[in-house]
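Listed below are the residues making up each chain.
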Amino acid sequence: MRVAYVSTDPGIDVLGTKGASVHVQAVVAALLRRGAEVDLLTPRADETAAADLAAHPRLRIHRLPRVGRGEPAARERAARASDAAVAGLLDELHASPGTGSTRPLDLVYERYALWGRTATAWAAARGVPSLLEVNAPLPVEQARHRVLVDAPAAYDAARAALTAATAVIGVSPAVSDWAASLGADPVTTIGNGVDTRRVVPAARPVHDGRPDPARPFTLGFVGTLKGWHGVDTLLAALALLGPGHRLLVVGDGPTATDLRATADRLGVADRVTWTGAVPAAAVPALLQEMDVACAPYPPLDGFYFSPLKVTEYLAAGLPVVASDVGGLRALLCGPGGAGGDLVPPGDAAALADAVADLRDDVVRRRALRATHRRAALALDWDHVVEASLATLPHPPVSPTGATRVA
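Residues numbered from 1 in each chain as written. Predicted model: local features only at pLDDT ≥ 70, side-chain atom pairs only at ≥ 80, totals over all residues. Heavy atoms only, no water.

Let us look at the packing of helix α1 (residues 19–33) against helix α15 (residues 381–389). The packing of two helices is summarised by the inter-axis angle and the distance between the axes. The geometry of α1 relative to α15 is characterised by a closest axis approach of 9 Å and an angle of 80° between their N-to-C directions. One way to sum up the angle between α1 and α15 is to call them roughly perpendicular. Contact with α1, carried on its side by H23, A26, V27, A30, L31 and R33, involves W381, D382, V385 and L389 of α15 and no other residues of that element. Looking at the contact of α1 with α15 residue by residue, the class counts come to seven nonpolar, one polar and two charged. (Axes fitted to C-alpha atoms, helices over the stretch in contact; angles between N-to-C directions. Helix = DSSP H or I, 4+ residues; strand = E, 2+ residues; numbered from the N terminus. Parallel < 35°, antiparallel > 145°, perpendicular 65-115°, else oblique. Contact = heavy atoms within 4.5 Å. Nonpolar A, V, L, I, M, F, W, Y, C, P; charged D, E, K, R; others polar.)

Pairing is parallel in the open sheet, where seven strands are placed in the order β3-β2-β1-β4-β5-β6-β7. One side of each edge strand has no neighbouring strand; the edge strands of this open sheet are β3 (59–63) and β7 (187–189). For this sheet, the mean angle separating the axes of adjacent strands, direction not counted, is 20°. Here strand β1 (residues 2–7) runs beside strand β2 (residues 37–42); their pairing, made up of five bridges, is parallel. From the neighbouring strand, V6 faces β2, where its bridge partner is L41. Packed onto the sheet, helix α3 (residues 72–95) meets β1, β2, β3 and β4 (107–111) and runs at close to 155° relative to β2. (Pairing = 2+ DSSP bridges.)

Position of E312 relative to the elements: it lies in helix α11 (residues 308–315). Those residues in contact with E312, other than ones at most four positions away along the chain, are V194, R198, V199, V222, V283 and L287.

Let us look at the pattern of salt bridges. Using the criterion set out here, one finds 24 salt bridges in the structure. Between E386 and R34 there is a salt bridge, and its shortest N-O distance comes to 2.7 Å. One end of the pair, E386, is in helix α15; the other, R34, is in the loop between α1 and β2, and 352 residues separate them in sequence. On the basis of relative accessible area, E386 is assigned to the buried category, the value being 5%. (Salt bridge = Lys/Arg side-chain N within 4 Å of Asp/Glu carboxyl O. Buried < 20%, exposed > 50% of the residue type's maximum accessible area, 1.4 Å probe, protein only.)

Mean pLDDT over the protein: 93, with 95% of residues reaching 70 or higher. Contacts from residues 400–406, a stretch scored under 50 in pLDDT, to residues over four places away or in other chains number 11 contacts. (pLDDT = per-residue confidence, 0-100.)

What follows deals with the packing of α3 against helix α4 (residues 118–126). At a minimum axis distance of 8 Å, the contact between α3 and α4 shows a crossing angle of 40°. Comparing the axis directions of α3 and α4 gives the class oblique. Where α3 crosses over α4, the handedness of that crossing is right-handed. Contacts between α3 and α4 involve D83, A84, V86, A87, L90, D91 and H94 from the former and T118, A119, W122 and R126 from the latter. Its residues placed into classes, the contact of α3 with α4 shows six nonpolar, two polar and three charged. (Left-handed = near helix turned anticlockwise from the far one by under 90°.)

Structure representation (structure tokens):
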């Protein structure tokens, strides 16, 4: 199978460290493990965090026109122009000369981008199956958190992409509902996965919960430091828990400076470790330093995330304390759920109490290490990609010759 993977979002460096970058890398790696040839089309592949993946002999990266950081209207025009260039590049790849492959494209797999409409239209016109993965209602997100100058055009692009695709995947029920409201039919909900080869539980015994200056009981968070991730609530919970507890924050982002100031104000700065942005390869070892992992989302209207951090917490066998928002209850506590602890969003006292309960129950934490690991194995990226491909009318077969569905 030869796949064109299209990511035209100028905010995603496909070789970078942010969550969306890791998501792209995970899907591409799963396709490569199936034996596929992958042509990756993107305007950004500048970082080196995924250099090993970039060097894979069956992966070829093709650069689309760059989108600069100019004023919003100019940036939107540049993003549209970059997306429009997808058609010519796909024509070249499909014809195969000079691309390193002798076969035409079998599938276009696109990560939905705000102005992305060309790839699915190209595929429909040439009879090539296309799979559109939708991770967020991007026009809503752009207008709420950044600047959206031409909203009608953004929604036109979304409708065009969603209705031209052979199959559409939403990463959460809320995302799927949004895609369906713009004409996608059908839409299948398949949550995000985790690389269970890379992320594994620590070999050391679980913390016994007793005060130990040499090994403080460690709370952990992984993710981009943005306001909707609730790290300020986690800092407040750390202050309530008192000495003997440490917080490990893995990631960076626009609120990092404000969060450090909050830690100073709360008097916990000396108990917080900030790693900054780290490559995906460094995350597993950092997860193994944690005793409880947190997803402390604040109250949010229309929560639509399928958090990568939570699936990584599960794969590492960590107890999870998360806000009771969106699909986290189904993931952690529903039928077949992993058994995480849910607290009201934005409630630092409830978060601290849940951590303290886990700290004091070493038997439960030992059991959760095994329970969460088992739950994560069913969420491995290989299963996610197989299930996504199975939504196509004529699913590609696995390397063994049998169609596999998670």
